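In case you want the letters, here they are:
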Amino acid sequence: MMLEIAYFSWVRERMGVAGETVEVPADVADVAALLAWLSARDERGALAFAEPHRIRAAIDGAMMGPDAPLSGAREVALFPPVTGG
């Protein structure tokens, strides 16, 4: 499945790009599996997703949890928790 991935904040900085289009393997079925796959691809991913529990995801603009399925998704945005001040 082809998927647009957008990276924000320090996730973007660690990945070195604002986003990319990737061919996701068929066994990557949910957000948690996507983070694990991205982490295993290279050193940038390993650094960006070393603590997957800290990453928030939005699938096609809707906030989702780690067990959210990717089936039918066009875009996944990945970012750290947002804090205010």
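This text goes with the structure placed above it.
Parameters and conventions
Residues numbered from 1 in each chain as written. Predicted model: local features only at pLDDT ≥ 70, side-chain atom pairs only at ≥ 80, totals over all residues. Heavy atoms only, no water. Helix = DSSP H or I, 4+ residues; strand = E, 2+ residues; numbered from the N terminus. Buried < 20%, exposed > 50% of the residue type's maximum accessible area, 1.4 Å probe, protein only. Contact = heavy atoms within 4.5 Å. Areas by Shrake-Rupley, 256 points an atom, 1.4 Å probe, with all protein chains shown as cover. Lys, Arg positive; Asp, Glu negative; His and termini not counted. Charge placed at Lys NZ, Arg CZ, Asp CG, Glu CD. Salt bridge = Lys/Arg side-chain N within 4 Å of Asp/Glu carboxyl O. Core = buried A, V, L, I, M, F, W, Y, C linked by side-chain atoms within 4.5 Å. Polar contact = N/O pair within 3.5 Å; in protein donor to acceptor, adjacent residues only side chain to side chain. Phe/Tyr/Trp six-rings, centres within 6.5 Å; stacked < 30°, edge-to-face > 60°. Lys NZ or Arg CZ within 6 Å of the ring centre and 35° of its normal.

(A) Inspection of the overall build of the chain at higher detail. Helices and strands together make up the secondary structure of the chain, namely 3 helices and 5 strands. Listed N to C, the secondary structure of the chain is β-α-β-α-α-β-β-β in terms of helices and strands. When each of the 85 residues of the chain is scored for burial, the buried share is 35%. Long-range pairs, those at least 24 residues apart, make up 52% of the contacts in the chain with a sequence separation of at least 6. Total accessible area computed for the chain in this model is approximately 4800 Å², and 56% of it derives from carbon and sulfur atoms. The average position of the 7 basic charges and that of the 12 acidic charges among the side chains of the chain differ by 7 Å.

(B) Layout of the pattern of salt bridges. Applying the stated criterion to the full structure yields 3 salt bridges. The partner of Arg 41 in a salt bridge is Glu 20, and the shortest N-O contact between them spans 2.7 Å. In this pair, Arg 41 sits in helix H2 (residues 31-41) while Glu 20 sits in strand S2 (residues 19-23), placing the two residues 21 residues apart along the sequence. Across the pair Arg 54 and Glu 51 runs a salt bridge, and its minimum N-O distance is 3.3 Å.

(C) Here's a closer look at the environment of Ala 48. In this structure, Ala 48 sits in helix H3 (residues 43-48). By relative accessible area, which is 2% here, Ala 48 ends up buried. Residues Ala 48 and Pro 66, 18 residues apart in the sequence, show an inter-C-alpha distance of 16 Å.

(D) Spotlight on the nonpolar core. Ranked by size, the top nonpolar core spans 23 residues in total, and within it Leu 3, Leu 34, Phe 49 and Leu 78 carry the most contacts. Secondary structure elements with two or more residues in this core: strand S1 (2-7), helix H1 (9-15), H2, strand S3 (56-59) and strand S5 (75-79).

(E) View of the side chain of Glu 20. Judged by its relative accessible area of 18%, Glu 20 falls in the buried class. Reaching out from Glu 20, the side chain makes a polar contact with the side chain of Arg 41 at a distance of 2.7 Å. When sequence neighbours within four positions are dropped, the list of residues in contact with Glu 20 reads Leu 3, Glu 4, Ile 5, Tyr 7, Met 15 and Arg 41.

(F) Representation of the packing of aromatic side chains within the structure. For the structure shown, the criterion picks out 2 aromatic pairs. Residues Tyr 7 and Phe 49 carry aromatic rings whose centres are separated by 6.3 Å and whose planes lie at 45° to one another, so their mutual orientation is tilted. On the criterion of sequence distance, the pair formed by Tyr 7 in strand S1 and Phe 49 in the loop between H3 and S3 is long-range, its members being 42 residues apart. The pair Tyr 7 / Phe 49 is uniform in exposure class, with both members buried. Residues Phe 8 and Phe 79 carry aromatic rings whose centres are separated by 6.4 Å and whose planes lie at 75° to one another, so their mutual orientation is edge-to-face. Linking Phe 8 in the loop between S1 and H1 with Phe 79 in strand S5, this pair joins segments that are 71 residues apart in sequence. Across from the ring centre of Trp 37, 5.1 Å away, lies the NZ or CZ of Arg 41, which sits over that ring.

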